[in-house]
Every structure is written in C-alpha cells, then in structure tokens.
Amino acid sequence: MAPITEVEGRRLPLSNLQKVLYPATGFTKAEVLHYYATVAEVLLPHLRDRAVSFLRYPDGPDGQVFFTKNVPPGTPEWVTTAEVPRSEGPSRMVVVQDLPSLMWAANLVTEFHTHQWLVGDPSEADRIVFDLDPGPPATIVHCCEVALWLRERLAEDGFEAYAKTSGSKGLHLLAAVRGASSERVSDYAKGLAVEAEKAMPRLVLHRMTRSLRPGKVFVDWSQNAARKTTATPYTLRARAEPLVSAPVTWEEVEECRSPDRLAITAPDIGPRLTVHGDLLAPLLDRGHAGSLP
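Below, the structure is looked at part by part. (Residues numbered from 1 in each chain as written. Predicted model: local features only at pLDDT ≥ 70, side-chain atom pairs only at ≥ 80, totals over all residues. Heavy atoms only, no water.)

**Examining the overall build of the protein chain**
- Of regular secondary structure, the protein chain possesses 6 helices and 16 strands.
- Computed over its C-alpha atoms, the radius of gyration of the protein chain comes to 19 Å, within 12% of the 19 Å expected for a compact globule of 293 residues.
- Over its C-alpha atoms, taken along the principal directions, the protein chain stretches across nearly 60 × 40 × 40 Å.
- Residue pairs at least 24 apart in sequence account for 67% of intrachain contacts in the protein chain once pairs closer than 6 positions are excluded.
- Carbon and sulfur atoms make up 51% of the accessible area of the protein chain, which totals about 13,000 Å². (Helix = DSSP H or I, 4+ residues; strand = E, 2+ residues; numbered from the N terminus. Rg over C-alpha atoms; globule rule 2.2 N^0.38 Å. Contact = heavy atoms within 4.5 Å. Areas by Shrake-Rupley, 256 points an atom, 1.4 Å probe, with all protein chains shown as cover.)

Now the structure itself:
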C-alpha cells in the first residue's frame, strides 16, 4: 500500500517514493514531490486557470514518456477540470488550482505544459511565447544572443519580455498580451521570427527545416497556436538530471558564455527564489500586458 499523506484536507496516496527517477544524480521520486511542494507558491499562479497537458515519465526519462491531455483515469473528483475547445471537438482537461491537485499530479511524475490562454476565455491569448531551440553545435549561448535581439524588438512594440530556460537545450521568451486571439498572436510572433532571421541570417531560422538546423537557433513561434502548449515555469523536465524550466535574469542571459551557466536543476531553485523571487511574476499582472501593434 502506498503511504497516505494529507494535503490541505485531501488524502493522497504517494507511491514509489524511493524510486530513482534521475539516474545521473540519484534524484528520487520523494525528492520530486518535495521539490513541487516547496515551489508551489510560485508555480501554482502559472498553472491556475490553465488547462494542463501532462508529459508523463513514471519510470524516469529512460522509460516510457507519453503525453496525457485528457483527464487521466482515476483523477480524484476534487481535482478541477474544464472543457476546452479542440478541432476534433471539445475535450475535458485538468486545471491545477491548488496544492493538493499539484501534489496529486506530481505523484504521476509529470512535466506540466500549459496553453497561452486561460480556460475562462480560450478565444483570447494572454501570453506570447518564443521557444528558442538550438541545432547543435549551437547551444543556449546562441539562444541568449537571439533572445536579446527579440527583447529589444518586442520593446519597440511595447512588450516587456521575460526569459526562462526550457529545461532542455534552449530558452523560452514570454510576454504578456491582451485583446488578441491566438491566431493574431501567432501571426505577430511569426513576423518577428522572420525579422530575426533577416537580421541574423547566419544564426536564426524561423522554419523547422531539419536540414538547415545545424548551428542555428530555430525561433519557434508556432507554440502560440491555440492548440499548442509550452513547458510551464518551474516544471521539472524528463532529462538525465532534474533540470527545471527556470526563470532567469536578463543579466544572466547577457553574461551567458557557457551552456552550463544556465543548466538549472531542482536544488538550485530554492536559493534562486530567495534572491530573486518569481522573476515571471509580472506576467501574471494584466497591467503589464501589451497590445499587438
């Protein structure tokens, strides 16, 4: 029997606590759950009111890895769900609103991925996202160069950009937006990706053409599509080490000279929060949202 833990009045069975999920460092499932419990205060606001896709890896990154978009079988009745539009017809997805729901989902061993809109109004995007994905031998160092260009270009249109690591090889750039559909935001983001390629043709691609990827940074604007999701801030990723999609300062982006500088793992997050707080908190304030030109 899995031990039962009570979280804010909800009884949760937490299973396989000693299982090593990150073999490179020996990071266990118990440590995964502890991580999510300790970052809940900053993670939950980025999950709240957003439909969640789970990328599950119950046996670690070397085991089976699979996406769960619909409400998983066995989901407790107290976990919030919402009907969301899909091209093939509406479906029901989990919405992680509180600590018990977060810990229940974390026990499934999952990455959290969310849309760029809230379940209350799927027709309006509230975030712009760029996924900067380096094609080897390019690295996150090159992504930082592209991010700095995009930051300036977004500022010209009245957007304040914020950066986080993808938790893998690249960098994510986010800005708050209001009054626009996902389709309009996608068109705008694509336009900026095309501009970036023209400004830095040796470094940037706006198309995913595999043959052109080596040594370049793919500026993936397509994650602004209403159906797409992006790794949520502070989520663990299914990698050899417990890497986190972690907010970073612009000083860190400017000073990045080695990929290791922005390889941020779960044990790093607590000290970073003590120093910086949630660097992405302004994204949650509608007053910081810009409008498309």
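**Examining the layout of surface pockets**
- The computed volume of the largest pocket comes to approximately 520 Å³.
- Around the largest pocket sit 28 residues that line it, and D131, D220, Q223, T229 and R237 are the ones nearest its centre.
- Of all the elements in the fold, those that place two or more residues in the lining of the largest pocket are β9 (110-114), β10 (125-134), β14 (217-220) and β15 (230-231).
- At 4 residues, β10 tops the list of elements feeding residues into the lining of the largest pocket.
- Looking at the lining of the largest pocket residue by residue, the class counts come to 7 nonpolar, 9 polar and 12 charged. (1 Å grid on protein atoms, 1.4 Å probe; cavity = no way out; pocket = protein on both sides within 12 Å on 5 of 7 lines; lining within 4 Å. Points joined across faces, edges and corners; volume = space filled by probe spheres on them. Nonpolar A, V, L, I, M, F, W, Y, C, P; charged D, E, K, R; others polar.)

**Observations regarding the packing of aromatic side chains**
- Across all of its chains, the model carries 7 aromatic pairs by this definition.
- Ring geometry for Y22 against F27: centres 5.8 Å apart, planes inclined by 70°, an arrangement best described as edge-to-face.
- Each ring, one from F159 and one from Y188, has its centre 5.7 Å from the other, and the planes form 50°; the classification is tilted. In this pair, F159 sits in the loop between α3 (140-156) and β11 (162-165) while Y188 sits in helix α4 (residues 182-199), placing the two residues 29 residues apart along the sequence. For the residue pair F159 and Y188, the accessibility class agrees, reading buried in each case.
- One aromatic cluster in this structure is built from Y35, Y36, F54, W104 and F112.
- The positively charged end of K69 is found above the aromatic ring belonging to F67, 6.0 Å away from the centroid. (Phe/Tyr/Trp six-rings, centres within 6.5 Å; stacked < 30°, edge-to-face > 60°. Buried < 20%, exposed > 50% of the residue type's maximum accessible area, 1.4 Å probe, protein only. Lys NZ or Arg CZ within 6 Å of the ring centre and 35° of its normal.)

**Let's talk about the side chain of T28**
- Following the sequence through the fold, T28 ends up in strand β4 (residues 27-28).
- Using a relative accessible area of 13% as the deciding quantity, one classes T28 as buried.
- Filtering out sequence-adjacent residues up to four positions away, T28 remains in contact with L17, Q18, K19, V20 and L21.

**Some words on the pattern of salt bridges**
- Under the defined criterion, the tally for this structure stands at 12 salt bridges.
- With its nearest N and O atoms 3.8 Å apart, the salt bridge here joins E254 to R151. With E254 in helix α5 (residues 250-255) and R151 in helix α3, this pair connects stretches of sequence that are 103 residues apart.
- Among the residues examined, E254 registers a relative accessible area of 39% and is labelled partly exposed.
- Residues participating in the shared-partner salt-bridge network are R153, E156, D157 and E195. (Salt bridge = Lys/Arg side-chain N within 4 Å of Asp/Glu carboxyl O.)

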